[in-house]
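# Residue-level structural notes
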Amino acid sequence: MTATDFADWPADLLAQEFRGKRVLVTGSSRGIGAAVAAAFAQLGARVAIHGRDVTALEAVAAGMGAGVVPLAGDFADKAEVRRVVESAVDRLGGLDVLINNAGTMLGRVALADIDDEFLQQQFDLNAASAVIASRTALPALIASKGAIVNTGSISGRTGGSAGSSLYSAAKAFQASLARSLATELAPHGIRVNAVSPGTIDTDFHQRYSTPDKLTQTAARIPLKRLGTAQDCVGAYLFLASGRLAGYITGQVIEVNGGQFYN
Ligand SMILES: NC(=O)c1ccc[n+]([C@@H]2O[C@H](COP(=O)([O-])OP(=O)(O)OC[C@H]3O[C@@H](n4cnc5c(N)ncnc54)[C@H](OP(=O)(O)O)[C@@H]3O)[C@@H](O)[C@H]2O)c1
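Residues numbered from 1 in each chain as written. Predicted model: local features only at pLDDT ≥ 70, side-chain atom pairs only at ≥ 80, totals over all residues.

## Quick word on the overall build of the protein chain
The secondary structure content of the protein chain amounts to 12 helices and seven strands. A globule of 262 residues ought to have a C-alpha radius of gyration of about 18 Å, and the protein chain, at 18 Å, matches this closely. Each of the three principal axes of the protein chain carries a C-alpha extent, and together these read 55 × 45 × 35 Å. Counting the 262 residues in the protein chain, one finds 45% classified as buried. The long-range fraction of contacts in the protein chain, counting pairs at least 24 apart against all pairs at least 6 apart in sequence, stands at 70%. (Helix = DSSP H or I, 4+ residues; strand = E, 2+ residues; numbered from the N terminus. Rg over C-alpha atoms; globule rule 2.2 N^0.38 Å. Buried ≥ 20, exposed ≤ 12 C-beta atoms within 10 Å, placed from the backbone. Contact = placed C-beta atoms within 7 Å.)

Given below as structure tokens:
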């Protein structure tokens, strides 16, 4: 890369990258996914958003601009994952970018209290859904030489706090899945990466953290604040962009303000 090459980059590079691109962001009814989907839509991509409540989704889609496609489905159910991804490919006329972001902790449960049903639910939602979604999207992504970005978590590295073992392990799965599929899908021209958010101030923490815990966490973060959904957007756009990240695959970008502990 020379200075001249860089000068050739257009000022509206991101809009040129994503205008007309077909993007599915799972788990984009709110939080990180909603911020990412809104950014793609703003850059001119054709975006499908996803969550469970169709009425809420329609309102979110309307707020992101004309043409955003709302698709509802419970991602703890493998058939629903397939149906949503097939609908996205159908409605968008193909797929260039798949963001596997749907997930949540489902509760803090100590090992002794983990029953088989909870184990299965955690695995289905936070691990298997990304596999099913990627497999379902594969023909479309092969056709477009597209990109996949998974959402991992800092807890996939640290193990998270007590009661989050299954969720944290599933988030580590997302990072490993990205690394492994990167190798496997490279011959098709498909890049696979992951974003690993730290403590991001979304509804997630209204459910699974206390205000005191969040204050203590913020004080320990080198940048001295919790992250926002908006803080995560750049990493997803970067990894999805063939021009910016065309030689980057199998990587995990940590978005955590310098935080590497619980
Ligand atoms: N916030 C953090 O600190 C943090 C840190 C690391 C990683 N993450 C990960 O980042 C992703 C987004 O989290 P967030 O913080 O933005 O949380 P959020 O605001 O709670 O959003 C979670 C998204 O996932 C969807 N979702 C949850 N369970 C689902 C299910 N059973 N079926 C279909 N969709 C489901 C939600 O849809 P509904 O509206 O239908 O519930 C929503 O769109 C998750 O994978 C999370 O694990 C978050």
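Further notes follow.
## Here's the deal with the packing of helix α6 (residues 116–144) against helix α8 (residues 165–185)
In contact at an axis separation of 9 Å, α6 and α8 are set at 20° when each is read in the N-to-C sense. The pairing of α6 with α8 is recorded here as roughly parallel in orientation. The element α6 and its partner α8 pack so that their crossing is right-handed. Contacts between α6 and α8 pair Leu 119, Gln 122, Phe 123, Asn 126, Ala 127, Ala 130, Val 131 and Ser 134 from the former with Leu 166, Tyr 167, Ala 170, Lys 171, Phe 173, Gln 174, Leu 177 and Leu 181 from the latter. The residue inventory of the contact of α6 with α8, partitioned by class, reads 11 nonpolar, four polar and one charged. (Axes fitted to C-alpha atoms, helices over the stretch in contact; angles between N-to-C directions. Parallel < 35°, antiparallel > 145°, perpendicular 65-115°, else oblique. Left-handed = near helix turned anticlockwise from the far one by under 90°. Nonpolar A, V, L, I, M, F, W, Y, C, P; charged D, E, K, R; others polar.)

## A closer look at the site of the ligand
If you check the shell around the ligand, you find 27 residues, and the closest are Gly 27, Gly 31, Arg 52, Gly 103 and Ser 153. For the shell around the ligand, the secondary-structure elements that each account for two or more residues are α3 (31–42) and α9 (203–208). Of the residues that constitute the shell around the ligand, the class distribution is eight nonpolar, 14 polar and five charged. (Near = placed C-beta within 6 Å.)

## Things to note about the sheet that holds strand β7 (residues 252–255)
Judged by pairing direction, the sheet is parallel, and its seven strands sit side by side in the order β3-β2-β1-β4-β5-β6-β7 without closing on themselves. With partners counted over all chains shown, the strands left at the sheet margins are β3 (69–72) and β7, one partner each. Ignoring strand direction, the axes of neighbouring strands in this sheet form an average angle of 15°. Across four bridges, strand β2 (residues 46–51) lies against β3 in parallel orientation. Paired with His 50 across the bridge in β3 is Leu 71. Strands in contact with helix α4 (residues 54–64) are β2 and β3; relative to β3, the strand with the most contacts, it is inclined by about 160°. Contacting β1 (22–25), β2 and β3, helix α5 (residues 78–92) crosses the sheet at an angle of about 160° to β3. (Pairing = 2+ DSSP bridges.)

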